[in-house]
Amino acid sequence: MRSPLTFCVIPVLGCSAALASPESQPELQEVIVSATLQTAPSSEIPASITVLDAQTLRAAGQQHLEDVLGLIPDLNWAAGTSRPRFFQLRGIGEVEQYQGAPNPSVGFLIDDIDFSGVGMPATLFDTRQIEVLRGPQGTTYGANALAGLISVYTADPGSAFELHGELTGADYATRAAGLSVGDGFADGNAGWRLVAQQYRSDGFRHDAFYDMNSTNGYDESTLRGKLRWRISDAIDAQLTLMHVNINNGYDAWSISNTFTTYSNQPGRDAQLSNGFALRLSAHIEGLGELRSVSSAADSNIVYSFDGDWGNDALWSALTAHDPGCLPLAACVPYDYFQSDHRRRRTLAQDLRLLGDPARALFDRVRWLAGVYALRLTESDQQAFVWNAYDTGAGSSGLHSEYAATNVALYGSLDADVGTHSTVSGGLRLERRSAGYADSADAATPFPQQINDMIGGSLSWMRKLAEGENLYTTLARGYKGGGFNIGSGILSEQRSFGPESLWSIESGVKSARSGSPAAWDADVFYMRRQNMQVYLSEQLQPSNPLAYVFFSQNAAQGENYGLEAQGSYRLGERWQVSGSAAALRTRYLGVSSTFAQLFAANGSPALDGRAQPFAPGYQVAASLEYHHPSGVFLRLDAHALDRFYFYTSDAQTSRAYNLENLRVGYQRHAWTASLWVRNLLEHRYAQQGFYFGLIPPNFAPQSFLQQGDPRQVGLTVNYDVQPK
């Protein structure tokens, strides 16, 4: 059976158990990071990393990765979807999905399966660890990780019987049930694990047109299976299979910026993903370890929405006394709807050879070499349907096909310099070939893009004391070019080129054995070159679906700041942890052509302005209490500074803070906890647009997607762990 007290929060280090008993304090357990080139303790990696372990995820989360994003410094995300898909690390990342051609800046993996840009399957049930690597991962992951990498790991099979069951009920018609079960066989040389979970909620909105509470609802199911097999003393294998069906509604926008919507055609935000990963490891005597990771994913994605966020009765009432809409029906019908059906497939192979540490060159130099290939294809079927008083009824569509192949060679060397210092270097050479075609330009197909890119890093780390390290890292990251899709895009705006950045970072990590404190801190500066800049524009004032997005290489940029995170045990029952980040970003040297385009659209000048979705500060704090009787408590709070929503307007969010609370009791294998999210019922915006929507004048105004209100629920867990 599990110890009766198992929740623990140490964002950097994790823990072996919670504050287990008054007789003994827990020892800090070294957290192992797997998303880097070589599996290593977090304290020995010269980079800024946040690790959330299973206890943290269970105590601070509820259903999805979205629930714990506030614990991670310098990580933000852009809404406009039912679940986060578009992430920014240190102010760099994508902010929307209306362009069809994938071009992520933040890599996203689930059990080695690539979901960059489509990370909705990141449900939390039975998740073992989440690792976030901030800064360019030019050696580790290449073109998909200009800003960093998020890697999610679910629980692995063990060697003995395990069972975990969970039931949740909450207001807003929320209910969930999950079960994971596993066992070992072949004398412990093999094991399996099966996971199933279903989650439903009404989505916190009320559609006044239908008088329904479910048009923005959640319906999320997860199935996973894992098989581990030690084939021989030299060969290990692990197979992962996953099936995640996110079938959510999407009716989150209101013309009144409230939780009451008026859509007569509510949308969907659905993603059905199947994936597999096969990890093989073979020890080659006298040479080292040969490691192979093969993975594939197939995702069907439906994203649709009511383009005018209203209905004819609403528009008639709002415009009844407007001179521009007299007689009464002159401004109706006014009805727009858009849908995107996407099919994305990825196939990836990573093969690397890690030199035998026992045969390190001169006993001081360790090496690694690898080859990586990724094939991504995506088809997108866009449909636009309207029935409007000024244009009549009609429909249009755009079918597009995209394919990209990335091939990379990479390697690294680590050398001990003296007794306390290590120098590390890495290099990655990558070629990306991408092609795009759509039904609007069948006669003049897009030329294929071929980008040859170079990334790497050079690091120095010095051991200050046992468990304390100082490091400095110089890194170069890169990102491939891409295509702007849609019939409203001008020919000269159809494509854009690669972006790169240089980063320098210095930090210190402390995880001393026996110390009640564990912490790390870093400062960084990044210079972006040939920066890809987003622009949005409404091409037709009376058509909300004519609000288009496109990217251009228009500027340089700089992003710099500082980050810190840590935890401290207060005696045997209390623990505090937290993180903080300060970030400054700005555009530099915006091209004259782009500046003129902004001026023509009435947009503010970009030079010197902050980049979008880059808050000036992020702060998080957690307080945790465990009593030997089984009573426990956890309070989380995080605060976020204001930030620009998009490049092409001056609209910003407001600074806000959120608090979450969990109180519970654990007795043997049973745990019951009462939880409250958004404890103080704060109003805050997750996304915003500034454009013309309301007839007859269509004056541009601010529209916001509101964050979820307060929610109260109860979760009951039952656990059987190996003895």
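Just so it is clear, the model here is predicted, and its values are computed rather than measured.

Engineer: How do you make sense of the overall build of the protein chain when you look at a structure like this?
Structural biologist: Each helix and strand counted, the protein chain has three helices and 38 strands in total. In the protein chain, which comprises 723 residues, the share counted as buried stands at 58%. Long-range pairs, those at least 24 residues apart, make up 68% of the contacts in the protein chain between residues at least 6 apart in sequence. About 27300 Å² of surface is accessible on the protein chain, with carbon and sulfur atoms providing 58% of the total.

Engineer: Explain the state of the cysteines to me, please; I cannot follow it from the model alone.
Structural biologist: By definition, a disulfide is the covalent link that joins the sulfur atoms of two cysteine residues. Scanning the entire structure with this criterion turns up one disulfide. The partner cysteine of cysteine 325 in its disulfide is cysteine 331, sulfur to sulfur 1.8 Å. One disulfide, between cysteine 325 and cysteine 331, carries an S-S torsion of -80° and so falls in the left-handed class. Cysteine 331 sits in the buried class, given a relative accessible area of 1%.

Engineer: What is the right way to read unusual backbone geometry from this model?
Structural biologist: For residues that are not glycine, phi is negative in most cases, and the peptide bond is trans in most cases. Of note, the amide linkage connecting valine 332 to proline 333 takes the cis form, showing an omega dihedral of 0°. Along the chain, proline 333 falls in the loop between helix 2 (312-318) and strand 20 (334-355). Residues proline 695 and proline 696 are joined by a peptide bond in cis, for which omega reads 0°. Structurally, proline 696 is set in the loop between strand 36 (685-692) and strand 37 (700-706). The phi angle at asparagine 257 is positive, at roughly 55°, despite the residue not being glycine. Counting through the fold element by element, asparagine 257 comes out in the loop between strand 16 (235-250) and strand 17 (260-261). One non-glycine residue with positive phi stands out, namely asparagine 530, at about 55°. By the secondary structure assignment, asparagine 530 is in strand 29 (residues 517-538). Taking the relative accessible area as the measure of exposure, asparagine 530 reaches 36% and is therefore partly exposed.

Engineer: What is the right way to look at the sheet that holds strand 8 (residues 113-114) in this model?
Structural biologist: By definition, the strands of a sheet pair up through backbone hydrogen bonds, in either a parallel or an antiparallel sense. One open sheet accounts for five strands, arranged 3-9-10-7-8; its pairing is mixed. Of all strands in the sheet, those with a lone pairing partner are strand 3 (48-53) and strand 8, marking the two edges. Bridge count between strand 7 (residues 106-110) and strand 10 (residues 148-154): five bridges; the pairing is parallel. Of the residues in strand 10, the one forming a bridge with isoleucine 110 is valine 152.

Engineer: Honestly, the sheet that holds strand 6 (residues 92-93) in this entry has me stumped. Any pointers?
Structural biologist: If you trace the three strands from one edge of the open sheet to the other, you get 4-5-6, paired in antiparallel fashion. Taken across any chain shown, the strands that pair with only one partner, and hence form the sheet edges, are strand 4 (75-78) and strand 6. Both strand 4 and strand 5 (residues 86-89) contribute to a ladder of four bridges, which runs antiparallel. Each bridged residue has a counterpart across the sheet, and for alanine 78 the counterpart in strand 5 is phenylalanine 86.

Engineer: Would you take a moment to explain the pattern of salt bridges for this structure?
Structural biologist: Close approach of charged atoms lets side chains of opposite charge pair. Applying the stated rule across the entire model yields 35 salt bridges. As a salt-bridge pair, arginine 90 and glutamate 563 come within 2.9 Å of each other at their nearest N and O atoms. With arginine 90 in the loop between strand 5 and strand 6 and glutamate 563 in strand 30 (residues 547-570), this residue pair connects regions lying 473 residues apart in the sequence. If you follow the salt bridges from partner to partner, you end up with Arg90, Arg134, Glu505, Asp522 and Glu563 in one network.

Engineer: I'm lost on the environment of serine 457 in this one. Help?
Structural biologist: Mapped onto the fold, serine 457 is located in strand 24 (residues 449-465). The exposure class of serine 457 is partly exposed, given its relative accessible area of 26%. For the pair serine 457 and isoleucine 504, spaced 47 residues apart in sequence, the C-alpha to C-alpha distance is 9.5 Å. For serine 457, the contacting residues outside a window of four places in its chain are Thr139, Ser424, Gly425, Gly426, Thr473, Leu474 and Ala475.

Engineer: Help me out: how do you make sense of the nonpolar core in this one?
Structural biologist: As a rule of thumb, nonpolar side chains are buried together in soluble globular proteins. Ranked by internal contacts, the top residues of the largest apolar core, which has 40 residues, are Leu65, Val68, Phe87, Phe108, Phe115, Ile130 and Ile150. Among all residues touching phenylalanine 115, those that are not within four sequence positions of it are Phe108, Ile110, Pro121, Met242, Gln271, Ser273, Ala297 and Ser299. One finds Phe86, Val95, Ala685 and Leu704 within the second-largest nonpolar core, a separate group that totals 33 residues.

Engineer: Got a minute to help me understand a nonpolar patch on the surface in this structure?
Structural biologist: Where nonpolar side chains cluster on the molecular surface, the patch consists of Ile284, Leu287, Leu290, Leu351, Val371, Leu409, Leu427, Leu429 and Ile454 and spans about 700 Å² of accessible area. Structurally, the position occupied by leucine 409 is in strand 22 (residues 392-417). A relative accessible area of 53% places leucine 409 in the exposed class.

Engineer: So what exactly am I meant to see when it comes to the pairing of strand 12 (residues 174-185) here?
Structural biologist: Regular strands have side chains that alternate between both faces of the sheet. Here nine bridges tie strand 11 (residues 162-170) to strand 12, and the two strands are oriented antiparallel to one another. Of the residues in strand 12, the one forming a bridge with glycine 169 is arginine 175. Between strand 11 and strand 12, which follow one another and run antiparallel, lie three residues, and tyrosine 172 among them has a positive phi close to 60°. Examined bridge by bridge, strand 12 and strand 13 (residues 190-201) share 11 bridges and lie antiparallel to one another. Bridge assignment links alanine 177 to a residue of strand 13, and that residue is glutamine 198.

Engineer: Sorry if this is basic, but what is going on with the packing of aromatic side chains here?
Structural biologist: The geometry of an aromatic ring pair is captured by two quantities: the separation of the ring centres and the angle between the planes. Summed over the entire model, instances satisfying the criterion amount to 25 aromatic pairs. For the ring pair phenylalanine 87 and phenylalanine 108, a centre distance of 5.5 Å and an interplane angle of 15° mean the geometry is stacked. Here the residue phenylalanine 87 occupies a position in strand 5, and phenylalanine 108 occupies one in strand 7, the gap between them amounting to 21 residues. Neither phenylalanine 87 nor phenylalanine 108 differs from the other in exposure class; each is buried. Residues tryptophan 309 and phenylalanine 703 carry aromatic rings whose centres are separated by 5.2 Å and whose planes lie at 85° to one another, so their mutual orientation is edge-to-face. Placement of tryptophan 309 in the loop between strand 19 (288-306) and helix 2 and of phenylalanine 703 in strand 37 is noted, with a sequence separation of 394 residues between them.

Engineer: I would appreciate a short explanation of the pairing of strand 7 in the present structure.
Structural biologist: The buried count for strand 7 comes to five of five residues, which makes it a mostly enclosed element. Across the two faces of strand 7 the burial is the same, with Val106, Phe108 and Ile110 and Gly107 and Leu109 all buried. Direction of pairing for strand 7 relative to strand 8: antiparallel, over a ladder of two bridges. When the sheet's bridge partners are listed, isoleucine 110 is paired in strand 8 with isoleucine 113. Counting the residues that bridge the hairpin from strand 7 to strand 8 gives two residues, and of these aspartate 111 lies at a positive phi of roughly 50°.

Engineer: Is there a simple way to think about the environment of isoleucine 45 in this case?
Structural biologist: Mapping isoleucine 45 onto the fold places it in the loop between strand 2 (40-41) and strand 3. On the basis of relative accessible area, isoleucine 45 is assigned to the buried category, the value being 9%. Between the C-alpha atom of isoleucine 45 and that of tyrosine 471, which follows or precedes it by 426 residues, the distance is 8.7 Å. When residues no more than four places from it in sequence are discounted, the contact partners of isoleucine 45 are Val33, Thr36, Ala40, Met461 and Lys509.

Engineer: Got a minute to help me understand the environment of histidine 283 in this structure?
Structural biologist: Secondary-structure assignment places histidine 283 in strand 18 (residues 267-284). Residues histidine 283 and isoleucine 235 lie 48 residues apart in sequence; the distance between their C-alpha atoms is 6.5 Å.

The rules behind each value
Residues numbered from 1 in each chain as written. Predicted model: local features only at pLDDT ≥ 70, side-chain atom pairs only at ≥ 80, totals over all residues. Heavy atoms only, no water. Helix = DSSP H or I, 4+ residues; strand = E, 2+ residues; numbered from the N terminus. Buried < 20%, exposed > 50% of the residue type's maximum accessible area, 1.4 Å probe, protein only. Contact = heavy atoms within 4.5 Å. Areas by Shrake-Rupley, 256 points an atom, 1.4 Å probe, with all protein chains shown as cover. Disulfide = S-S within 2.5 Å. Pairing = 2+ DSSP bridges. Salt bridge = Lys/Arg side-chain N within 4 Å of Asp/Glu carboxyl O. Core = buried A, V, L, I, M, F, W, Y, C linked by side-chain atoms within 4.5 Å. Patch = residues over 30% accessible without salt bridge, like charges linked within 9 Å, V, L, I, M, F, W, Y side chains within 5 Å. Phe/Tyr/Trp six-rings, centres within 6.5 Å; stacked < 30°, edge-to-face > 60°.

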